[in-house]
Each structure stands twice: as C-alpha cells, then as structure tokens.
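Okay, here's what each chain looks like letter by letter:
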Amino acid sequence: MHITHVATEFSPFAKAGGLGDVIHGLSRQQVKDGHTVSVILPKYDIIDIKFFEAIEIYVQDLWTYEDGVEFHNTVYKTSFEDITIYLIEPHHNCYYFNRGLIYGAMNDTERFLYFSRTATEFLNNEKQKPHILHLHDWPTAAMVPLIRFLTPQLNAEIKSLIFNVHNMEHQGRIHPKYLSRIGLNGADFLSKERMQDPVKPEMINLLKGAITYSDQVVTVSPTYAQEIKTPEFSFGLTQTVEKFKSKLHGILNGIEIDTWNPKTDQYISHKYPANSTFIHDIIRNKELNKKALFKELGLAPKINGPLVICITRIASQKAPELILHALKQVNELGGTFILLGSICEPQLEKDFHQAKAVYKNHPNIHLCFEFKEDLAHKLFAAADAIFIPSKFEPCGLTQIISMRYGTVPIGRNTGGLKDTITDISKPLSTGFIFNDLAKIQVDKALEKAFDLYANHPSKWQSLIQNGMNRDASWAPAAALYEKIYTCGDKLKIAK
Ligand code: ADP
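The following paragraphs examine the structure supplied in this document. (Residues numbered from 1 in each chain as written. Predicted model: local features only at pLDDT ≥ 70, side-chain atom pairs only at ≥ 80, totals over all residues. Heavy atoms only, no water.)

1. Considering the sheet that holds strand 14 (residues 365-368)
Hydrogen bonding along the main chain pairs the strands of a sheet, whether they run parallel or antiparallel. Filter applied, for reference: A pair of strands is labelled paired if DSSP reports no fewer than 2 bridges between them. Helix and strand definitions follow DSSP, with helices as H or I runs of at least four residues and strands as E runs of at least two, each counted in order from the N terminus. Axis lines are fitted through C-alpha atoms, for helices just across the contact stretch, and the angle between N-to-C directions can take any value from 0 to 180 degrees.
Taken in spatial order, the 6 strands of this open sheet run 14-13-12-15-16-17, and their pairing is parallel. Because the sheet does not close on itself, it has two edges, and the strands there are strand 14 and strand 17 (432-434). Taking the axes of each pair of neighbouring strands and ignoring which way they run, one obtains an average angle of 15 degrees across the sheet. Pairing of strand 12 (residues 307-314) with strand 15 (residues 385-388), which is carried by 2 bridges, proceeds in the parallel orientation. Bridging across to strand 15, Ile-309 finds its partner in Ile-386.

2. Some thoughts on the site of the ligand
Selection rule: A cutoff of 4 Å decides nearness: a residue is near a molecule or strand if any of its heavy atoms lies inside that distance of it. We define a polar contact as two N or O atoms separated by no more than 3.5 Å, with the added condition that, inside protein, one atom must be a possible hydrogen donor and the other a possible acceptor, whereas residues neighbouring each other in sequence contribute only through side-chain atom pairs. Working definition of accessibility: Shrake-Rupley area with a 1.4 Å probe, residue cover restricted to the visible protein chains. Under the convention adopted here, Pro, Cys and the residues Ala, Val, Leu, Ile, Met, Phe, Trp and Tyr are nonpolar, Asp, Glu, Lys and Arg are charged, and Gly plus all remaining residues are polar.
The immediate surroundings of the ligand are formed by 21 residues, with Gly-18, Asp-21, Arg-313, Lys-318 and Glu-370 found nearest. For the ligand, an oxygen atom lies 2.5 Å from a polar atom in the side chain of Asp-21. Contact between the ligand and Glu-370: a nitrogen atom at 2.8 Å from a main-chain N or O atom of the residue. Taken by itself the ligand offers 570 Å² of open surface, and the protein chains cover 93% of this. Those elements that place two or more of their residues in the shell around the ligand are helix 1 (18-32), strand 12, strand 13 (336-343), helix 14 (373-382) and helix 15 (398-404). Among the residues making up the shell around the ligand, the classes are represented as 8 nonpolar, 7 polar and 6 charged.

3. Re the pattern of salt bridges
Pairing between side chains of opposite charge can happen when the charged atoms of each approach one another. The condition is simple: Each reported salt bridge corresponds to a side-chain nitrogen of Lys or Arg within 4 Å of a carboxyl oxygen of Asp or Glu. Residue exposure (1.4 Å probe, protein chains only): buried if accessible area is under 20% of the type maximum, exposed if over 50%, otherwise partly exposed.
Here the structure, examined in full by the defined rule, presents 20 salt bridges. The residue Arg-28 makes a salt bridge to Glu-81 at a minimum N-O spacing of 3.3 Å. Highlighted residues: Arg-28 in helix 1 and Glu-81 in the loop between strand 4 (69-80) and strand 5 (83-91), separated in sequence by 53 residues. By relative accessible area, which is 18% here, Arg-28 ends up buried.

Here it is in structure tokens:
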C-alpha cells in the first residue's frame, strides 16, 4: 500500500511532544511491513537539515490559495529511515513556518489552515495518489472537507481517508471566515450536520468536520475511544462521537523501539539491555546513570529513596497542581524529584517559575522548563519511577518509554495510562495506578511505591521486569491500522 501521513510533527527533527514520536514510529513500522510511506510536513525553520543525507527541490512552484490571493510554495523531498518526507515551504508574507517554533504562534489557526490547503494542492497535483491518506489532529483536520468538496479527483482516487484524534481537547474552533479563506464557504458549513461547533454555534469546529467526513476515525487507546463518548472527555463533541461511533476505533500507540533502546541510546553513558533477564545489569547501570545525572544537575550524590521523574508538557491536561504537590511529597519521603517540562499554557508559568525559585539549588529537587531531548533520555535511563497524574491521557508515551527503560510508572487511571500500566495489586503488575485527581491519592500511591522500593526490592525488580516484558513496539498497532485502512465502505458525501 502507498500510505501518506500529513502531520505537524515528526521526531526527531520536528518534535513538540508525543505526536512527533507517533508519526515517526508508525511510519517506520509501516515501511518495515512493506508499505510505501510518505509524510508531508511544514518546513519549519527549526528543522535541522543535517538530519537528512540529501534533500532536493521536488516542486519549485506549488501554487496555493488563501483569501483570494495565490501564493507559491517550494516542496522539498528527502528521506528519513526509508520514509519519504515532503517539506512544504511557503513563500508568504506571514512567514508561517519561520517562527522558531512548531506551535504557539499568535496565528496558529491561519498557519495550519494554510498548510492544510497547500498539502491538499500538493496531493491533488501528484500523478500517483496515495491509497491511504492518514491525517493527524486539528492542524490537518481541514484537509478532510477540502478533499471531499474541493478536489473530486483526489477524493475519488484515495481509497480511504483516515483521521487520527491524538487529543480531543484541541479542536480548532474557528470563525467561518477562516474556512472561507482557504476556499470552502464557511457559512455553508455552519450547520449541525456539518461543521458547526456545538458549544459555540457561531463557530466552525475543524475536528468535528474531520470526524464527520473521514472514512475512519482512530484514537490512540481503547479506553480513550470509550472515554470520548462522554461529556467529560469529548470537549463538547459527545453527540458527534456518538453519531459516528461505528467508524471510531481505539488503537494503542507503540514506541519506536530502536530510538527508545537503552542498549544503544546515544544520550546515556551506561547502556543496558532492554531485556528483563539481565535485571542485575539493568539495576547496576541505572544506578551509574543516576550518579552521572546527579553530578550533571548538581544534585546530592547519595540518596536512599528513589529518583522520581516527570517528563511532560506542562498543561492543565497533565494535572500540574498534582505535579507540584508530588515534588514536595517525594522530597518529604526522602526521594529525589526531577521535572522536565515545557510550559504550554501562560497561566501556569507563574506557579512553576515560583516553584523553581523556591527549590533553586535544592539537593534533591530539580526543575527544568526547556524541551531537551538528551535530558529526557538520560532521565528515563536513570530514574526509578515516573509520575504521570494526567486529568486525561489519550495514550501517553512516557509510561511506555519508561517501562522499556526499567522505570516504574505511577499514573492515574485514565485513557492509555489505564491500558498500559498494570497496578501493583494485580498479577504481572508493572506500576502503580491511582483513581482520583486528589492529593491524598497521590500521597498514598507515592507511599506505596516508596515502601516497595525500600522494603521489598525483589518485588520492585519484578515491576521492572514485567514492564520490560511488554511488547512496546509499533508492530501490533500497525497491524491494526492496516485492517482499518481496508475496512468499511468509502464515505459517500451528499453535497
Ligand atoms: P503529549 O503528546 O501529550 O505531550 P506523551 O506522553 O504522549 O505526551 O508524549 C510526550 C513525548 O514528548 C515523550 O517522548 C516525552 O519524552 C517528550 N517530552 C515531553 N516534554 C519534554 C521536554 N520538556 N523535553 C524533552 N522531551 C519531552
């Protein structure tokens, strides 16, 4: 099959969070499974072309449309681990992708609507259309109605149009005029059956449009696929999800096991096999990595309690108040806490910067608010436990990466955390699960973990071993995606 993904992230050269890992890992597995895979991305200025062996201009002048004006774009072609990568560079007076970031510009809506229209033009001009077009999250959601209503040839040639919801919170609620800017008459789509936002009826909802008009909708864990049918998790789209539930699937993400491999990880000094039979090597080398890390970060060298980490976007989804609570608790229980977090919501800056000031030069607490790939790898390799209290978690990758690195997850009972962490009370347990977003529950979970770590080392070892024994690879998920690519009839659109 010829599969094309359109996305806004790709690890390692354009990563802001889990989406980058997913696009890389899934495409790579699909290549291994014998498919021809390409990925279309914006050519952000932050992409370091040193990642590519060669890069060529594939289309010098790709014309696209925005608000009554034609703009031209250059499309670059390169390849990464046998995945063909197309990078779209607009020649536009708004410098859409020259902002030194992936998300967080003032005009993200216009940036990604422009990208959606241009990627659609690109595919429409290609002689060989993909069999499967696989789109990811709100920034590419507009492509679904664009293809259905503006490019009949492309629509006819694609065998299946798949839309992945990686996070239901971000829906792309826009004024109808923004849809008109990219060539669809916004007013025409402002109805309940089409793309009208159920919460703000004067707005268009891009995610609703993608769910409505795609052939199949996939979200990233079975539990989250159930959760988004409820008001608590659907962010207003309960009825839409209910209406289209027959084409909704939940497929648990994997991780790219060559990238996330403690045996070959370029960022860690003491490598160890991701194989539970070598438990003594694992424990010894994790301790050595911990020692090196503490030295690097200026933390106290010798502690008795475990090292607990948290690697996350700092956003309300991730229960930031519980992260701040946990770092105090871990310290009180005699452990070390390291937070590596990118602050994504301005209202959270104050609390987190205040905490950083309070714990400045603290021997057992370290807070870093940058996006640091190398530090993330070092933390996974050195830590004893990872703390993930999310309010909701579509899948979550940090618990999966952690288990591969022998780091025990302590997470909340939601979404993909529920699907991947087996609580200590159960057979073949891999970690600790707590139910409610309550400090008391966090305290209990941490106390249980600290007790097991200090007093029952062989049980702690079993947690590490069980976690490492899970199949974290993309192979099972890619097989399920393949089934979905070919299931069901293609959607027929009544214009
Ligand atoms: P989400 O996609 O919601 O941000 P996931 O758990 O699915 O969360 O994926 C997060 C990915 O981003 C992981 O690979 C994690 O290691 C990485 N990550 C998150 N924050 C940082 C950071 N500040 N520095 C480096 N890597 C980070």
